[in-house]
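Geometric and topological summary
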Amino acid sequence: QVQVVESGGGLVQAGGSLRLSCAASGRPFSSFGMGWFRQAPGKERELVAAITSGGTTNYEDSVKGRFTISGDNFKNTVYLQMNSLKPEDTAAYYCALWNGFRYDYWGQGTQVTVSS
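Given the structure is predicted, the values throughout are model-derived calculations rather than measurements.

Structural notes on the overall build of the chain
- Along the backbone of the chain there are zero helices and eleven strands.
- Taken against the 2.2 N^0.38 rule, which gives 13 Å for 116 residues, the C-alpha radius of gyration of the chain at 13 Å falls within 12% of a compact globule.
- Dimensions along the principal axes, computed over C-alpha positions, put the chain at roughly 45 × 25 × 25 Å.
- A burial count over the chain gives 38% of its 116 residues as buried.
- Within the chain, contacts between residues at least 6 apart in sequence are counted, and of these 52% link residues at least 24 apart.
- As displayed, the chain offers around 6,400 Å² of accessible surface, 49% of which is attributable to carbon and sulfur atoms.
- Across the chain, the mean location of the 10 positive side-chain charges is 4 Å away from that of the 9 negative side-chain charges.

And the structure:
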């Protein structure tokens, strides 16, 4: 009933940039924020960046200063601007909605691959 769709992934060289988009739609839902996660093969899923409905942001240390999360509430959309990409950023990136207790709706993921 609630659909979350990511887009914008791709293959880039180290030092390059990508901008990921996440759009949420469907039945009315409660969202106090949105987050971007990533998971690489053999590694646990980790929260990369998150933004609250009030605009507060937080970042995983390894991406701080390189990635920027932003949102457009009117469009129920969140973005992840990724600059100075490194090979270790390679992962499937997922967008999810935070309902105040947990991330309850998830997108299908978009692959980001950074070559050296």
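From this point, things continue past the structure.
Structural notes on the pairing of strand β8 (residues 77–82)
- For β8, the buried fraction is high: five of the six residues fall into the buried class.
- With six bridges joining them, strand β3 (residues 18–26) and β8 adopt antiparallel strand pairing. Note that in β8 the partner of R19 across the bridge is Q81.
- Sheet analysis places strand β7 (residues 67–72) next to β8, joined by six bridges and oriented antiparallel. The partner of G71 across the bridge, within β8, is V78.
- Counting the residues in the hairpin turn of β7 and β8 gives four residues, including N76, whose phi is positive at 50°.

Points about the layout of surface pockets
- Quantified by volume, the largest pocket comes out at close to 250 Å³.
- At the level of secondary structure, the elements contributing two or more residues to the lining of the largest pocket comprise β4 (33–39), β5 (46–52), β7 and β8.
- For the lining of the largest pocket, a count of residues per class yields seven nonpolar, nine polar and one charged.

Thoughts on the sheet that holds strand β1 (residues 2–7)
- Spatially, four strands are ordered β1-β3-β8-β7 in an open sheet, and the strand pairing comes out antiparallel. Each edge of the open sheet carries a strand with a single partner, namely β1 and β7. Averaged over neighbouring strand pairs, the angle between their axes works out to 15° when direction is ignored.

Things to note about the nonpolar core
- Counting residues in hydrophobic clusters, the biggest one holds 26 residues, and the most contacted among them are W36, F67, V78, L80, M82 and Y93.
- Counting residues per element, the ones that place at least two in this core are β1, β3, β4, β5, β7, β8, β9 (91–98) and β11 (110–115).
- Ignoring anything within four residues of it in the chain, the contact list for V78 reads L20, S21, C22, M34, W36, I51, I69, S70, G71 and C95.

Some details on the environment of G26
- Examined against the element boundaries, G26 turns out to sit in strand β3.
- Of the residues examined, G26 reaches a relative accessible area of 57% and is grouped as exposed.

Looking at the packing of aromatic side chains
- Taken as a whole and judged by the stated rule, the model has four aromatic pairs.
- Positioned above the aromatic ring of Y79 is the side chain of R19, whose terminal nitrogen or guanidinium carbon lies 3.9 Å from the ring centre.
- The ring of F37 carries R45 above its face, with NZ or CZ at 5.7 Å from the centroid.

What counts and how
- Residues take numbers from 1 onward in each chain, read along the sequence in its written order.
- Reporting of local features is limited, given that this is a predicted model, to residues whose pLDDT is at least 70; pairs of side-chain atoms are given and counted only at 80 or more, and all residues count toward the totals for whole chains, interfaces and linings.
- Hydrogens and water molecules were not included; the side-chain quantities draw on all heavy atoms of the structure.
- Helix and strand definitions follow DSSP, with helices as H or I runs of at least four residues and strands as E runs of at least two, each counted in order from the N terminus.
- Computation of the radius of gyration draws on C-alpha atoms alone. For the globule rule, the value is 2.2 Å times the number of residues to the power 0.38.
- Relative accessibility thresholds used throughout: buried, under 20% of the residue-type maximum; exposed, over 50%; partly exposed, between the two (1.4 Å probe, protein chains only).
- Two residues form a contact once any of their heavy atoms are found within 4.5 Å.
- For the area figures, the Shrake-Rupley method with a 1.4 Å probe applies, and any residue is considered shielded solely by the protein chains shown.
- Counting rule applied: Lys, Arg positive; Asp, Glu negative; His and chain ends not counted.
- All charge positions are set by atom: Lys at NZ, Arg at CZ, Asp at CG, Glu at CD.
- By the convention used here, strands pair only if DSSP detects at least 2 bridges between them.
- Buriedness for pockets is judged along seven lines, at least five of which must meet protein on both sides within 12 Å for an open set on the 1 Å grid over protein atoms alone, while cavities are sets there where a 1.4 Å probe fits but cannot get out, and lining residues have an atom within 4 Å of a point.
- Grid points are joined across faces, edges and corners, and a volume is the space filled by probe spheres set on the points.
- Three residue categories are used. Nonpolar comprises Ala, Val, Leu, Ile, Met, Phe, Trp, Tyr, Cys and Pro, charged comprises Asp, Glu, Lys and Arg, and polar comprises the others, including Gly.
- As a rule, the C-alpha atoms of each element are fitted with a line to give its axis, helices using only the stretch in contact, and angles between N-to-C directions run from 0 to 180 degrees.
- For the purposes of this section, nonpolar cores are sets of buried Ala, Val, Leu, Ile, Met, Phe, Trp, Tyr and Cys residues that join through side-chain atoms within 4.5 Å.
- Between 30 and 60 degrees the pair is tilted, below 30 it is stacked and above 60 it is edge-to-face, where a pair is any two Phe, Tyr or Trp rings, Trp via its six-membered ring, whose centres lie within 6.5 Å.
- In this analysis the charged atom, NZ for Lys or CZ for Arg, is taken to sit over a ring once it is within 6 Å of the ring centre and within 35 degrees of the ring normal.

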